[in-house]
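Summary of the model geometry
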Amino acid sequence: MERMNTLKLSALALLLLLLVSTAVPAQDGIDTEADPPKIPTLEEVQTGKAAIAQFIPMDFGFQIGVIGTFVKEVSTETGSVNQVKSPLILINPANGGIGVYAKNFPARIVANSINGDWVVGIAPSSAVPGSSGSSYREAAVSLNMKEGDLNLISEFPLHSNFQAVFDRQDENVVYYCVNEPAQVNQIYGLNLKKDEQGRIPAEGNRFNLYGLRPEKDPFMWINDPQSTRDYPVLTLLNMRDGKTGRSVEFPGAERVLVSPDGDHVLVEVSSGAESSVGYYAFEDQSFHQVPSLVMVKPEFKWLDTEDSLQVVARESTSTEDRFRLVNLSTGESRVLFSARFKVGFWDISPENDALVFVTESDNDPILFVVPLDPNEKTINRIQLSGVSDITWLGCLSTPPRKSGGGWLDNLLPF
């Protein structure tokens, strides 16, 4: 193992948290605009030919995936009953088209391949064929977005911490770890196309998978299984032979987030509701503070770019939620959206050209599509009529489906 590289963050945290956060303007009038267009009924969406009326076309090449609950009242001989469905619907921001990819997919998606062929989700065991069906267990499943094949990956008790990361060189391969309570856990590599898997020979019992470095022999950033520190300690694990490489300590850090290429680690240091930010560079093992940047209850997502250190940050204050595009190397930031309501799920498009989010609401939430290009002023709002209890929202690069579509009726039972 290489020399331990300890980052002195505690003093840096004190310095950065003394800085004053730059005020950002709210977007006046956002709550007084005309009512947004609504999605069609579930029956119309299931035909695969539905579209959102009054939708403004946008020049994007991805799909917006939403999993939520639709409740329909059905009349029977004994009276009316509620039928609950949780389809995976896809909305095309290029034209407002909307359709169903999975007739019933009561799952939360935890990983998807970049090419859009695969998604991995977690569903109640009672909804997954081939599982125990127990109400005390969940199951991880893979869904092939081309063929519609649904396969059981693993079943585990409630409150387990299932994680999955797709290999960026072979997008049929996914690495996963269950982290089941009171059990010895391991990391597995699974080829979804060949339905073959093997255990990664790593020592330890609890693993957090932070992201891959896509070398010929890929390395995974994981928490150091030997560390007893109360702050993150990351170690590179060879996913072929299980040997460990460089380890890095982050004293004082609240959270860390590995960039998509594995070359940088964003570091968040918090004091109360305020956080300062820095990043670690793999190339020269150096740590950099982000100048003049203090954020309120932030949540970050990296942009998947090769030429810049950029993240999108969501802040949540007592009066508003806002999104900023932040350049970590300069500390410069630009407000993408700000409004006086709470945001639920959010994501960045695969081509780093749009921000997508949904309002935090039990019923009929509103979906926003916001371009990242400052010269593009169109913002689409879509009311998800009839949808409640959203469990997942994300941006997907989806391949064309094969004709037929009969598999849609049998993905997961109602």
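Let us look at the structure shown here. Because the structure is predicted, anything quoted here is derived from the model rather than measured.

Thoughts on the side chain of Glu-171
Residue position: Glu-171 is located in the loop between strand 11 (163-166) and strand 12 (173-177). For the buried residue Glu-171, which engages in no salt bridge, the nearest side chain bearing the opposite charge is Arg-168, 7.8 Å off. A polar atom in the side chain of Glu-171 sits 3.0 Å from the backbone nitrogen of Ile-114. Looking at Glu-171, its side chain comes within polar contact range of the main-chain nitrogen of Asn-115, at 2.5 Å. Those residues within four positions of Glu-171 in sequence are excluded, and the remaining contacts are Ser-113, Ile-114, Asn-115, Trp-118 and Phe-166.

Digging into the environment of Leu-236
Mapped onto the secondary structure, Leu-236 falls in strand 17 (residues 233-238). Sequence separation between Leu-236 and Trp-221 is 15 residues; the distance between their C-alpha atoms is 4.7 Å.

Quick word on the pattern of salt bridges
Tallied over the full model, the rule gives 14 salt bridges. Residues Asp-304 and Arg-168 are paired through a salt bridge, measuring 3.2 Å at the closest nitrogen-oxygen approach. Residue Asp-304 is found in the loop between strand 23 (299-302) and strand 24 (310-316), and its partner Arg-168 is found in the loop between strand 11 and strand 12; the two are separated by 136 residues along the sequence. Glu-268 is the partner of Arg-255 in a salt bridge, and the nearest nitrogen-oxygen pair spans 2.8 Å. Residue Arg-255 is located in strand 19 (residues 255-258), and its partner Glu-268 is located in strand 20 (residues 264-271); the two are separated by 13 residues in the primary sequence. When its relative accessible area of 2% is taken as the criterion, Glu-268 is described as buried. Among the ionic contacts, a cluster of salt bridges with common partners joins Glu-299, Arg-314, Asp-321 and Lys-342.

Notes on the nonpolar core
Counting residues in hydrophobic clusters, the biggest one holds 27 residues, and the most contacted among them are Ile-39, Ile-64, Ile-91, Val-356, Leu-367, Ile-382 and Leu-384. Of all the secondary-structure elements, those providing two or more residues to this core are helix 2 (42-46), strand 3 (63-76), strand 5 (88-91), strand 6 (97-102), strand 28 (354-359), strand 29 (366-371) and strand 31 (387-396). Here this core gets four residues from one element, more than from any other, and that element is strand 31. Those residues in contact with Ile-64, other than ones at most four positions away along the chain, are Ile-89, Leu-90, Ile-91, Pro-93, Val-356, Leu-367, Val-369 and Gly-394.

Description of the sheet that holds strand 12
Reading across the sheet, the four strands line up as 11-12-13-14 and stay open at both edges, with antiparallel pairing between neighbours. If you trace the sheet from one side to the other, it starts and ends with strand 11 and strand 14 (196-200), each paired once. Between one strand and the next, the sheet's axes are offset by a mean angle of 25 degrees, whatever the strand orientation. Where strand 11 and strand 12 come together, four bridges link them in antiparallel fashion. When the bridges of strand 12 are listed, Gln-163 appears paired with Cys-177.

Examining the packing of aromatic side chains
Inspection of every chain in the model, using the stated rule, returns 13 aromatic pairs. Where Phe-156 meets Phe-162, the ring centres are 5.6 Å apart and the plane angle is 15 degrees; that geometry is what we call stacked. Per residue, the accessibility class of Phe-156 equals that of Phe-162, and both read buried. Between the aromatic rings of Phe-357 and Phe-368, the centroid separation amounts to 4.8 Å while the plane-to-plane angle is 5 degrees, which identifies the pairing as stacked. In this pair, Phe-357 sits in strand 28 while Phe-368 sits in strand 29, placing the two residues 11 residues apart along the sequence. Among the residues examined, Phe-368 registers a relative accessible area of 2% and is labelled buried. Taken together through their ring pairs, the aromatic side chains of Phe-323, Phe-337, Phe-341, Trp-346, Phe-357 and Phe-368 make up a single cluster. For Arg-213, the ring lying beneath its charged end belongs to Phe-282, and the centroid distance is 3.7 Å.

Basis of the calculations
Numbering of residues starts from 1 in every chain and runs along the sequence as written. The predicted nature of this model means local features are confined to residues of pLDDT at least 70 and side-chain atom pairs, given and counted, to a pLDDT of 80 or more, with totals for whole chains, interfaces and linings taken over all residues. To obtain the side-chain values, all non-hydrogen atoms of the structure were used and water was disregarded. Secondary structure elements are taken from DSSP: a helix is a run of H or I of four residues or more, a strand is a run of E of two residues or more, and numbering for both begins at the N terminus. Exposed residues in this analysis have more than 50% of their type's maximum accessible area, buried residues have under 20%, and partly exposed residues fall in between, with area computed by a 1.4 Å probe over protein chains only. Counted charges follow a simple rule, with Lys and Arg positive, Asp and Glu negative, and His plus the chain ends left uncounted. Here, a salt bridge means any Lys or Arg side-chain nitrogen found within 4 Å of an Asp or Glu carboxyl oxygen. In protein, a polar contact means a hydrogen-donor-capable atom and an acceptor-capable atom, both N or O and within 3.5 Å, with residues adjacent in sequence counting only if both atoms are side-chain atoms; elsewhere, any N or O pair within 3.5 Å suffices. Any two residues whose heavy atoms approach within 4.5 Å at even a single point are treated as in contact. The criterion is simple. A nonpolar core is a set of buried Ala, Val, Leu, Ile, Met, Phe, Trp, Tyr and Cys residues joined through side-chain atoms within 4.5 Å. Here the rule is simple: two strands pair whenever DSSP picks up at least two bridges between them. Axes here refer to lines fitted to C-alpha atoms; in helices the fit is confined to the stretch in contact. Angles between the N-to-C directions go from 0 to 180 degrees. Only Phe, Tyr and Trp rings are paired, with Trp represented by its six-membered ring, and only when their centres lie within 6.5 Å; those with planes under 30 degrees apart are stacked, over 60 edge-to-face, the remainder tilted. The criterion for a charge sitting over a ring is simple: Lys NZ or Arg CZ within 6 Å of the ring centre, and within 35 degrees of the ring normal.

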